[in-house]
Amino acid sequence: MWGYYIEQLIHSLPFFLQGLWMTIAVSGLSLIMGTVIGFIWGIIRASRSRIAKAVIGAWVDIIRGTPFLVQIFIIFFIMPEFGIQLEAFPAAVIALTNLASCFICEIVSAGIQAVPWGQKEAATSTGLNWFQQLRYVIMPQSMRVVLPPLVGQYVLLIKDSSVVSAIGVSDVTRVGWLTVQRIPQGLLVFGLVAILYFVICYPLIQLSSILEKRMSAGYTRGKE
Amino acid sequence: MIEFKDVHKWFGELHVLKGIHLKVDPAEVLVVCGPSGSGKSTLIRCINRLEPIQKGELIVDTMKVHDSKTNMTKLRAEIGFVFQQFNLYPHMTALQNVTLAPMKVRKLPKKEAEDQGRYVLEKVGLGDKLHQFPAQLSGGQQQRVAIARGLCMRPKIMLFDEPTSALDPEMINEVLEVMRNLAREGMTMIVVTHEMGFAREVSHRVAFMDFGELLEIAPPAEFFSHPKSERTKLFLSKILTH
């Protein structure tokens, strides 16, 4: 019996690879855009402008405090009532980008705040402007704190992307749901789904722990 | 060069500078001393507007520091600031530390900035440490890099905020030596310090601050032998006996 199902599964492999490609497309796009937006939000959140800080802070709290499934439902099923009709794919990318932005915002602002205040004062007192301080003094130092959890967050977001199957995006999770109706072997089918996620996530998990080790090594590069 | 006219500063409710009047001439070396919390650090931090003042006028080399329209980049480029905790950029080598601002603020080409950086680091006795990171340097060496970082902007004024207070005793002298040389070359300097030997030997005037007021200011010979205010006498008796 198993042999037959495995054979069936192998036949549907192209279908799974399409799903995998969709998962990579949705999460890849969202991670890239979410990183850009998240850094901008994080920098603002760590800055002094009170209003922008409060607005971003409130938004981040709302998004972090509600389930992703609910957020994606709101974008896909409820926004049309207000005249914003989106296809499943852009809706998924928007929802996941927003989620990524919020988590990355928190990581980045914590990283910036971890840089001692004296660094900013030293940079200020030599006449560097706000952007130069950020670019040459603050960000390079905060990246040590930011990078390991950032990559870890990517892993979580790639896994969270499975939720987009709920609005009909044919990602690898949805391919699993569709396949299991033809091949009633849940363990086998979702085992394959799990393996496909793992294949993307495992290298990132490794990268995160390598970064963590390297970043905590201290500023001793070039030491004999 | 630097003029305080009735300068007031508050941290919230706390009145930390209470009507400071002070004039520092070009090439003058002024030492400011006083107990901790007296406002002496705040006094020099106001000069490059690391701290804004709330009342009064503060003029540096014809630029109005109290005026929010003043170009702060231009002002800060003219003022070197040395911190108690060095505040070197830990991700950059000594040479990178001293060339960043000249390249980005003064727009010096990299080659020129590096030539100048090498020259100045050489001058503070660190010609062999150009490519070391701060973590690989001793406290005294780090502070000398920090002084070099200020000097590479070719400032008209150098401010020192307790530059030797975070150093082990055996390293204090190498930093003071650099400062002595600077004073000899005619740099305008304000030094917040408890190094009374330095004050006696190098400074033109010594000022005493307490509770946000500038209580006394006089040439060192007079300041140390005939302090006028009681609080100055008390302070000197405490720090000169040990």
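Residues numbered from 1 in each chain as written. Chains lettered and ligands numbered in written order. Predicted model: local features only at pLDDT ≥ 70, side-chain atom pairs only at ≥ 80, totals over all residues. Heavy atoms only, no water.

**Let's talk about the sheet that holds strand E9 (residues 205-210) of chain B**
Residue and element names in this part refer to chain B. What counts is decided by this rule: Being paired, for any two strands, means DSSP has found at least two bridges between them. Strands here mean DSSP runs of E at least two residues long; helices mean DSSP runs of H or I at least four residues long; both are numbered from the N terminus. Here an angle of 0 to 180 degrees is reported between the N-to-C directions of two axes, which are lines fitted to C-alpha atoms, with helices fitted over the stretch in contact. The criterion used for residue contact is that any of the two residues' heavy atoms lie within 4.5 Å.
The strand order E6-E7-E8-E3-E9-E10 describes an open sheet built from six strands, whose pairing is mixed. Only two strands of the sheet have a single partner each, and these edge strands are strand E6 (79-82) and strand E10 (213-218). Averaged over all pairs of adjacent strands, the angle between their axes in this sheet comes to 15 degrees, without regard to strand direction. The sheet contact formed by strand E7 (residues 157-161) and strand E8 (residues 188-192) spans five bridges and is parallel. From the neighbouring strand, Asp161 faces E8, where its bridge partner is Val192. The sheet strands contacting helix H6 (residues 169-184) are strand E3 (29-33), E7 and E8, and the helix crosses E8 at an angle near 145 degrees. Running at roughly 100 degrees to E9, helix H9 (residues 230-240) makes contact with E3, E9 and E10 of the sheet.

**Quick word on the packing of helix H3 (residues 50-64) of chain A against helix H5 (residues 88-113) of chain A**
All names here are of chain A. Defined as follows: Angles below 35 degrees are treated as roughly parallel, those above 145 as roughly antiparallel, those between 65 and 115 as roughly perpendicular, and all remaining angles as oblique. Each helix crossing is assigned a hand: it is left-handed if the near helix lies turned anticlockwise from the far helix by less than a right angle, otherwise right-handed if that turn is clockwise. All residues other than Ala, Val, Leu, Ile, Met, Phe, Trp, Tyr, Cys, Pro, Asp, Glu, Lys and Arg, Gly among them, are scored as polar; the first ten of these are nonpolar and the last four charged.
Interaxial distance between H3 and H5 falls to 9 Å at its minimum, and their mutual angle equals 120 degrees. It follows that H3 is oblique to H5 by the angle criterion. Taken as a pair, H3 and H5 cross one another with a handedness that is left-handed. Packed against H3, whose contacting residues are Ile56, Trp59, Val60, Ile63 and Arg64, the element H5 presents Asn98, Leu99, Cys102, Phe103, Cys105 and Glu106 at the interface. Here the contact of H3 with H5 is composed, by residue class, of eight nonpolar, one polar and two charged.

**With respect to unusual backbone geometry**
All names here are of chain B. Put simply, the rule is: Think of it in three bands: with a 1.4 Å probe and only protein chains considered, a residue is buried below 20% of the maximum accessible area for its type, exposed above 50%, and partly exposed in between.
Not every positive phi belongs to a glycine, and Arg154 is a case in point at roughly 50 degrees. Its place among the elements puts Arg154 in the loop between helix H5 (139-151) and E7. Located in the positive-phi region is Phe211, a residue other than glycine, with phi close to 50 degrees. Here Phe211 shows up in the loop between E9 and E10. What makes Phe211 exposed here is its relative accessible area of 52%.

**Some remarks on the interface of chain B and chain A**
Operational definition: What gets called buried area is simply the loss in accessible area from a 1.4 Å probe that two parts show on being joined, summed for both. Salt bridge, as used here, is a side-chain nitrogen of Lys or Arg placed within 4 Å of a carboxyl oxygen of Asp or Glu.
Listed by partner, the interface residues are 24 residues for chain B and 19 residues for chain A. Here chain B packs against chain A, burying approximately 2,000 Å² in sum over the two surfaces, 60% of which is carbon and sulfur. Counting across the interface, chain B meets chain A through one salt bridge. With a closest N to O distance of 2.5 Å, B:Arg45 and A:Glu121 form a salt bridge.

**Overview of the pattern of salt bridges**
Residues and elements named next belong to chain B. Evaluation of the coordinates by the stated rule reveals 20 salt bridges over all chains. Salt-bridge contacts for Lys111 lead to Asp115; the nearest nitrogen and oxygen are separated by 2.9 Å. A residue pair is termed a helical-turn pair when its members lie 3 or 4 positions apart in one helix, as Lys111 and Asp115 do in helix H4 (residues 110-123) at four residues. Note on Lys111: relative accessible area 60%, which makes it exposed. The partner of Glu185 in a salt bridge is Lys123, with the nearest N and O atoms 3.2 Å apart. Separated by 62 residues along the polypeptide, Glu185 in the loop between H6 and E8 and Lys123 in helix H4 bring together distant segments of the chain.

**Describing the pairing of strand E4 (residues 55-60) of chain B**
All names here are of chain B. Across five bridges, strand E1 (residues 2-11) lies against E4 in antiparallel orientation. Bridging across to E4, Ile2 finds its partner in Val60. Where E4 meets strand E5 (residues 63-64), two bridges bridge the pair, whose relative direction is antiparallel. Residue pairing for E5: Ile59 is matched across the bridge by Lys64. As consecutive antiparallel partners, E4 and E5 are separated by two residues, and within that stretch Asp61 has a phi angle of approximately 50 degrees, a positive value.

**A few points about the sheet that holds strand E2 (residues 14-24) of chain B**
The strand order across the open sheet formed by four strands is E2-E1-E4-E5 (chain B), and the pairing between neighbours is antiparallel. Each edge of the open sheet carries a strand with a single partner, namely E2 and E5 of chain B.

**Considering the state of the cysteines**
Two cysteines form a disulfide when their sulfur atoms are joined by a covalent bond. Stated precisely, the cut-off is as follows: Disulfide assignment relies on a single distance test, namely cysteine sulfur atoms paired within 2.5 Å.
Considering all chains together, one arrives at zero disulfides over all chains under this definition. Between A:Cys102, a free cysteine, and A:Cys105, which holds the nearest cysteine sulfur, the sulfur-to-sulfur gap is 6.9 Å.

**Details of the nonpolar core**
Here is the rule: The set of buried Ala, Val, Leu, Ile, Met, Phe, Trp, Tyr and Cys residues whose side-chain atoms join them within 4.5 Å is what this entry labels a nonpolar core.
In this structure, A:Phe16, B:Ile2, B:Phe4, B:Ile47 and B:Ile190 are the most contacted members of the largest nonpolar core, which totals 97 residues. Once you skip the residues sitting within four places of it in the chain, B:Ile2 turns out to touch B:Leu22, B:Lys23, B:Val24, B:Ile47, B:Leu58, B:Ile59, B:Val60, B:Ile157 and B:Ile190.

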